[in-house]
Amino acid sequence: MMDTIKIGIIGAGQIGKAHLEEYVNIPGVEVIAICDINLDEAKRVAAKYSVSKVYTDYREMLQQQKLDAIDVCLHNNYHMPVTIAALEAGMHVYCEKPIAGSYADGLKMLETAKACGKLLHIQLAHLFHIETRVAKQLIDAGKLGKLYHARSTGFRRRNRPYIDGYGSAAFTRKETAGGGALYDMGVYHIARMLYLMGNPKVERIVGRTYQEMAMDEERRLRSGFDVEEMAAGLVCLEGGITLDIIESWALQLGGLEGSAIVGSEGGIRLSGAVSDREKHGFSFHTTIADLDMDCTINLERAEWRQRMLSRYPDAYISSQHHWIAALQGQVALLPTADIALNTMLISEGLYYSQQIGREVSAEEVIQASKSTSIVL
């Protein structure tokens with residue numbers, strides 16, 4: 001059990017800054033080093049957050065014996081080489097989602113973590129939302145009965161990275177990101193549904209990806225936009241469970257209902273955008289005394305009660321709080337790396353199904369998966 005966790009951050013961009021903001025609010029954490037190829041930006045961020053050491057080469061940073069863990073805040077195809085190097089240097093690793101740019105790379109990360117006896121945690125923020133925790137509470141109590149279908153949805157009307165005005169062009173290229181809406185947003189929604197179902201084994205996948213909506217041609221050329229803006233698919237999981245998926249960066253609709261999961265005794269709908277101004281709320285649906293019940297839950301009260309009854313009330317309020325609590329020995333780390341790898345299998349399966357024009361088995365996807373990693 002560690003008292004103060006000493007962290008090194010690799011990547012001083014948008015994600016790195018977001019992670020630093022989170023660490024500020026977590027007791028028992030000291031960020032002592034930051035690395036970025038942009039030295040001026042690394043120095044500026046280090047000064048703002050009182051980080052003592054700055055590097056431009058992550059290999060030099062990994063030689064620091066004072067670091068307990070590394071936080072990888074890079075684009076997807078850089079995740080695997082940096083994570084492997086940190087694990088082999090004897091450090092635990094917290095990695096931004098998705099786990100990597102391909103299933104093959106994600107699998108290597110997971111296997112290396114196990115071989116090195118180190119923790120690997122993937123940033124799956126939606127697992128720590130109060131909606132997810134309440135849904136898990138209902139499922140674990142048997143209130144849904146036998147689970148048999150889930151729906152994973154994510155919606156943006158017209159909000160593609162760089163093309164529509166935010167983020168960098170690196171989000172829009174397979175070379176750096178590996179994929180589009182599925183890797184950027186879908187990982188959160190798919191991973192949450194897998195978590196709620198107990199992370200079942202994937203059997204078969206069919207899907208299609210799209211890049212159909214108009215975009216500014218100058219920004220298209222400048223960005224090298226070659227990833228999907230929308231994806232849809234169906235996944236067959238072990239135990240006769242199905243999962244349907246729709247994920248959009250850009251889609252000409254007023255919104256989509258939120259994700260959902262149903263069983264023989266009840267169902268849950270998670271909140272989701274149905275327009276630019278409104279949201280569906282969390283709801284639980286069941287039958288009591290031969291009456292069909294549509295139930296709302298006081299999530300604020302549920303969160304308060306969970307915190308009041310917990311020995312470690314902050315251990316599940318965010319991905320980073322959970323990571324630090326696990327490193328400090330307060331709680332067992334949720335299997336985020338396993339869930340993230342299963343999520344990658346589904347995402348890559350959708351791409352592979354699109355590529356060859358038919359349904360594919362999980363085994364086919366695994367055999368076809370190749371490394372997309374870029375060594376810095």
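Located above this text is the structure these notes cover.
This structure is a prediction, so every number in the text was calculated from the model and none was measured. (Residues numbered from 1 in each chain as written. Predicted model: local features only at pLDDT ≥ 70, side-chain atom pairs only at ≥ 80, totals over all residues. Heavy atoms only, no water.)

Once that is clear, we can look at the sheet that holds strand β7 (residues 147-154). With respect to topology, 9 strands assemble into an open sheet ordered β16-β15-β12-β11-β7-β10-β9-β8-β17, the strand pairing being mixed. Across the chains shown, the open sheet's two edge strands, defined by having one partner strand only, are β16 (291-295) and β17 (360-361). Relative to strand β10 (residues 241-248), strand β9 (residues 230-237) is paired through 8 bridges, and the arrangement is antiparallel. Bridged to Met-230 within β10 is Ser-248. Strands β7, β11 (260-263), β12 (266-269) and β15 (283-288) of the sheet are contacted by helix α6 (residues 130-140), whose axis makes an angle of about 175 degrees with β12. Together, β8 (202-210), β9, β10 and β17 form the strand contacts of helix α12 (residues 336-356), whose direction differs from that of β8 by roughly 60 degrees. (Pairing = 2+ DSSP bridges. Helix = DSSP H or I, 4+ residues; strand = E, 2+ residues; numbered from the N terminus. Contact = heavy atoms within 4.5 Å. Axes fitted to C-alpha atoms, helices over the stretch in contact; angles between N-to-C directions.)

Our next topic: the layout of surface pockets. Where empty space is left can be seen by rolling a probe of water-molecule size over the atoms. Of the volumes computed, that of the second largest pocket is approximately 430 Å³. What lines the second largest pocket is a set of 22 residues, among which Lys-174, Gly-178, Tyr-351, Tyr-352 and Gln-355 lie closest to the centre. Elements supplying a minimum of two residues to the lining of the second largest pocket: β8, α12 and α13 (362-368). Ranked by residue count, the leading element in the lining of the second largest pocket is α12, at 5 residues. When grouped by side-chain class, the residues that make up the lining of the second largest pocket number 7 nonpolar, 10 polar and 5 charged. (1 Å grid on protein atoms, 1.4 Å probe; cavity = no way out; pocket = protein on both sides within 12 Å on 5 of 7 lines; lining within 4 Å. Points joined across faces, edges and corners; volume = space filled by probe spheres on them. Nonpolar A, V, L, I, M, F, W, Y, C, P; charged D, E, K, R; others polar.)

Running from amino to carboxyl end, helix α4 (residues 79-88) crosses helix α5 (residues 103-116) at an angle of 5 degrees, the nearest separation of the two axes being 10 Å. One way to sum up the angle between α4 and α5 is to call them roughly parallel. Contacts between α4 and α5 involve His-79, Met-80, Thr-83, Ile-84, Leu-87 and Glu-88 on the former and, on the latter, Asp-105, Lys-108, Met-109, Thr-112, Ala-113 and Cys-116. Split into classes, the residues belonging to the contact of α4 with α5 amount to 6 nonpolar, 3 polar and 3 charged. (Parallel < 35°, antiparallel > 145°, perpendicular 65-115°, else oblique.)

Pairing of β7 with β11, which is carried by 4 bridges, proceeds in the antiparallel orientation. By the bridge assignment, Ala-150 is partnered in β11 with Ile-261. Between β11 and the antiparallel strand that follows it, β12, lie 2 residues.

The next thing to look at is the pairing of β15. Note: β12 against β15, 4 bridges, orientation antiparallel. Looking at β15, one finds that Ile-268 is bridged to Phe-284. As paired elements, β15 and β16 share 5 bridges and run antiparallel to each other. Along β16, the bridge assignment pairs Thr-286 with Met-293.

Further remarks concern the environment of Ser-223. Tracing the backbone through its elements, the reader meets Ser-223 in helix α9 (residues 217-223). Judged by relative accessible area, which is 0%, Ser-223 ranks as buried. Considering only alpha carbons, one finds Ser-223 and Pro-161, 62 residues apart in sequence, at a separation of 9.5 Å. When sequence neighbours within four positions are dropped, the list of residues in contact with Ser-223 reads Tyr-162, Ile-163, Ala-169, Thr-172 and Arg-173. Reaching out from Ser-223, the side chain makes a polar contact with the backbone nitrogen of Phe-225 at a distance of 3.1 Å. (Buried < 20%, exposed > 50% of the residue type's maximum accessible area, 1.4 Å probe, protein only. Polar contact = N/O pair within 3.5 Å; in protein donor to acceptor, adjacent residues only side chain to side chain.)

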